[in-house]
Amino acid sequence: DAGVTQSPTHLIKTRGQHVTLRCSPISGHKSVSWYQQVLGQGPQFIFQYYEKEERGRGNFPDRFSARQFPNYSSELNVNALLLGDSALYLCASSSSSTGQTSYGYTFGSGTRLTVV
Amino acid sequence: AQSVAQPEDQVNVAEGNPLTVKCTYSVSGNPYLFWYVQYPNRGLQFLLKYITGDNLVKGSYGFEAEFNKSQTSFHLKKPSALVSDSALYFCAVRVPSGSARQLTFGSGTQLTVLP
């Protein structure tokens, strides 16, 4: 079975541009969460979606938005990119909205975004 | 608010020796606790979790962790370290109910196992 798939793996954008990151959860998983990991820090929660509804939002500006599609895949959008948005963006999926499964949340390998 | 502290940025241990990576947490209510490992340019891999029950949790690759409620700690341990265990380790916590469904991570501990 495929794990959590994220695309693209690497991305370079210019300040002020917009970016869309994509995530496909494990088959059967209905919950997708997004995390931002700045170099040298732990991941920071951005959004959680379950059954296409937003279930949680972290302390990020409105430039960050996300959505979940009927097939449970998800997109993270970031507008007006800043240099500080450079980070590894991680997607995590779970079969429940609470992560109460044998393995909690399963993470993808991430998208490395560099803003120049 | 929930928080996690990993007091050591770096832990070095000789191959074959026991290792400990420390984690303390702060939450309101009973916590769910997790350990993840991250290899260079990779995502997070699940090692183990504590939800309820036995305070000693066994996980992947020979790792285990002990939940200590009085000390609010969840230290990761392994009896005999391997060079291949060298990686970045993250402790994470979440509360089991309410709107705060997200994982809150510590800042990570870089483990280096020396041959």
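Here's a quick rundown of the structure. Small disclaimer: the values here were computed from a predicted structure and weren't measured.

1. Considering the sheet that holds strand β8 (residues 74-78) of chain A
Residue and element names in this part refer to chain A.
Here's step 1: With antiparallel pairing, the 4 strands of this open sheet are ordered in space as β1-β3-β8-β7. The open sheet is flanked by β1 (5-7) and β7 (64-68), the only strands paired with a single partner. Each adjacent strand pair in this sheet contributes to an overall mean axis angle of 15°, direction not counted.
Here's step 2: Relative to β8, strand β3 (residues 19-24) runs antiparallel, the two sharing 5 bridges. Note that in β8 the partner of Cys23 across the bridge is Ser74.

2. Re the state of the cysteines
Here's step 1: One pass over the structure, following the stated rule, counts 2 disulfides over all chains.
Here's step 2: Across a sulfur-sulfur distance of 1.8 Å, Cys23 of chain A and Cys91 of chain A are joined as a disulfide pair. Of note, the bridge from Cys23 of chain A to Cys91 of chain A carries an S-S torsion of about -65° and is left-handed in sense. One end of the pair, Cys23 of chain A, is in strand β3; the other, Cys91 of chain A, is in strand β9 (residues 87-94), and 68 residues separate them in sequence. For the pair shown, Cys23 of chain A and Cys91 of chain A are each scored as buried.
Here's step 3: Across the disulfide, Cys23 of chain B is cross-linked to Cys91 of chain B (sulfur-sulfur distance 2.0 Å). Across the S-S bond linking Cys23 of chain B and Cys91 of chain B, the dihedral sits near -60°, which makes this disulfide left-handed. In this pair, Cys23 of chain B sits in the loop between β3 (19-21) and β4 (24-26) while Cys91 of chain B sits in strand β10 (residues 87-94), placing the two residues 68 residues apart along the sequence.

Calculation criteria
- Residues numbered from 1 in each chain as written.
- Chains lettered and ligands numbered in written order.
- Predicted model: local features only at pLDDT ≥ 70, side-chain atom pairs only at ≥ 80, totals over all residues.
- Heavy atoms only, no water.
- Pairing = 2+ DSSP bridges.
- Helix = DSSP H or I, 4+ residues; strand = E, 2+ residues; numbered from the N terminus.
- Axes fitted to C-alpha atoms, helices over the stretch in contact; angles between N-to-C directions.
- Disulfide = S-S within 2.5 Å.
- Buried < 20%, exposed > 50% of the residue type's maximum accessible area, 1.4 Å probe, protein only.

Just geometry here; none of it tells us what the structure is for.
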